[in-house]
Amino acid sequence: MNTLLLNAAVAADVAKAAELLQQGHLVAVPTETVYGLAADATKPEAVSQIFRAKGRPADHPLIVHLPDAASITQWAQHIPASAYQLAEAFWPGPLTLLLHKANHVDSCVTGGLDTIGLRVPAHPVLLGLLKSAKLAVAAPSANLYKKLSPTSAHQVYETMQGRIDAVLDGGDCEFGLESTIVSVLGDTVQVLRAGPISAEEISAVLGCKVETPEQHDVKVAGNVAAHYQPGTPLLCLDANQIHAFIAQAPRKIALLAYSSLTEFTAKAPLFWQVAMPQDAKGYGQSLYKQLYLADQTGADVIIVEQPPAESAWLAIHNRLMRAAYQEA
Ligand code: TXA
Ligand code: MG
């Protein structure tokens, strides 16, 4: 398959992306979080192609991206008031709501579950496309199963070329980390995947306590121990551990430094290095991109210096923990 590269700044290209989706093809689309691999959510044959292209198990549910909050009644039922409050506060934006699915929704979208993940994305190009083409698209992150989520069209093209019909280039993603997933299904509100919108912000809107269980058995990406992984082994270390590691046997090290790059490169240059942004938003935005670049260098190991342990960094620690996971 020849993968088309489409430019979101060109109206005819956006129209082509919409047309391909309407015809049941797969198009990688920009969102404000990461690039998504989209298919028309009303077409089970198209949705099933997503699993094939990603190499993702069929029992992993997909998020459906809607043109507006009013559309949730077409996809969900028994919708609690809290869902509307969160939609009002955070949509369009990086928040996915888990709700009871409407009866007509094909089980291939929901991985066989009777619940569904819904969000209205904030990227103007995708949102405009969904509205004008009257589409709802099922879209996981546009990466191979368990690999790094892409935050640029280039990254999608490099890794998914030949597996999908087109990539719509809408520039680098604003957040660079996947949406916050919140369940309003039970008696308590739970954040099941940390993301750009914090539990505190959700709690402030709802006026109730929000749980953030570390361990849960809901089928959410962040719940798989090994995820978001570069091909190169990754270690997440503090500054002292990094010094000790560098002092050991010579190895090709790619370093994502947080405190001070020169501190680590003072004695000798490393194989590859980058100074990461100091704020959580900037750090989150560039994390996958820098991991992707580090992975391309041919280094023996990627070392990430642990960023601060404060709550604003929760989504980042969550991703790093899984990126660093090595199977026993
Ligand atoms: O920011 C995002 O959420 C990006 C962009 C493209 O929107 N999408 C994304 O999709 O990260 P994905 O498939 O890579 O991760 C979404 C996770 C999946 O692991 C899935 O298990 C979980 O959301 N999910 C979706 N529907 C669910 C449901 N009904 N119940 C439990 N988990 C669900
Ligand atoms: Mg994913």
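Residues numbered from 1 in each chain as written. Chains lettered and ligands numbered in written order. Predicted model: local features only at pLDDT ≥ 70, side-chain atom pairs only at ≥ 80, totals over all residues. Heavy atoms only, no water.

*Asks:* Just to check I follow, could you spell out the nonpolar core for this structure?
*Replies:* Membership of the largest hydrophobic core comes to 52 residues, with the highest contact counts inside it found for Leu118 and Ile202. Ranked by the residues each element gives to this core, the list is headed by helix α2 (residues 44-54), at five residues. Ignoring anything within four residues of it in the chain, the contact list for Ile202 reads Leu86, Phe90, Leu95, Thr180, Val182, Val189, Val191, Ile197 and Val210. In this structure, Met276, Leu287, Ala315 and Leu320 belong to the second largest nonpolar core, which totals 27 residues. (Core = buried A, V, L, I, M, F, W, Y, C linked by side-chain atoms within 4.5 Å. Buried < 20%, exposed > 50% of the residue type's maximum accessible area, 1.4 Å probe, protein only. Helix = DSSP H or I, 4+ residues; strand = E, 2+ residues; numbered from the N terminus. Contact = heavy atoms within 4.5 Å.)

*Asks:* Mind showing me how you'd approach the packing of aromatic side chains here?
*Replies:* Describing an aromatic ring pair means giving the distance of the ring centres and the angle of the ring planes. Per the counting criterion, the structure on display carries three aromatic pairs. Ring centres of Tyr283 and Trp313 lie 5.2 Å apart, and the angle between their planes is 70°; this geometry places the pair in the edge-to-face category. Residue Tyr283 is located in helix α10 (residues 280-296), and its partner Trp313 is located in the loop between β16 (301-305) and α11 (314-324); the two are separated by 30 residues in the primary sequence. In this structure an aromatic cluster arises from ring pairing among Tyr258, Tyr283 and Trp313. (Phe/Tyr/Trp six-rings, centres within 6.5 Å; stacked < 30°, edge-to-face > 60°.)

*Asks:* Explain the environment of Lys209 to me, please; I cannot follow it from the model alone.
*Replies:* Along the chain, Lys209 turns up in the loop between α7 (199-206) and β12 (210-211). Taking the relative accessible area as the measure of exposure, Lys209 reaches 69% and is therefore exposed. Here the alpha-carbon distance between Lys209 and Gln190, two residues 19 residues apart in the chain, equals 9.0 Å. Other than its neighbours up to four places away in sequence, Lys209 contacts Val189 and Ser203.

*Asks:* What exactly am I supposed to notice about the sheet that holds strand β13 (residues 234-237) here?
*Replies:* Sheet strands line up and pair through hydrogen bonds in the backbone, either parallel or antiparallel. The strand order β13-β16-β14-β15 describes an open sheet built from four strands, whose pairing is parallel. Every other strand in the sheet has two partners, leaving β13 and β15 (272-275) as the edge strands with one partner each. Recorded for the sheet is a direction-independent mean angle of 15° between the axes of neighbouring strands. As defined by bridge partners, strand β14 (residues 253-257) adjoins β16 across four bridges and the pair is classed as parallel. Paired with Leu255 across the strands is Ile303, a residue of β16. Packing against the sheet, α10 makes contact with β13, β14, β15 and β16, and its axis sits at approximately 160° to β16. (Pairing = 2+ DSSP bridges. Axes fitted to C-alpha atoms, helices over the stretch in contact; angles between N-to-C directions.)

These figures capture arrangement, not role.
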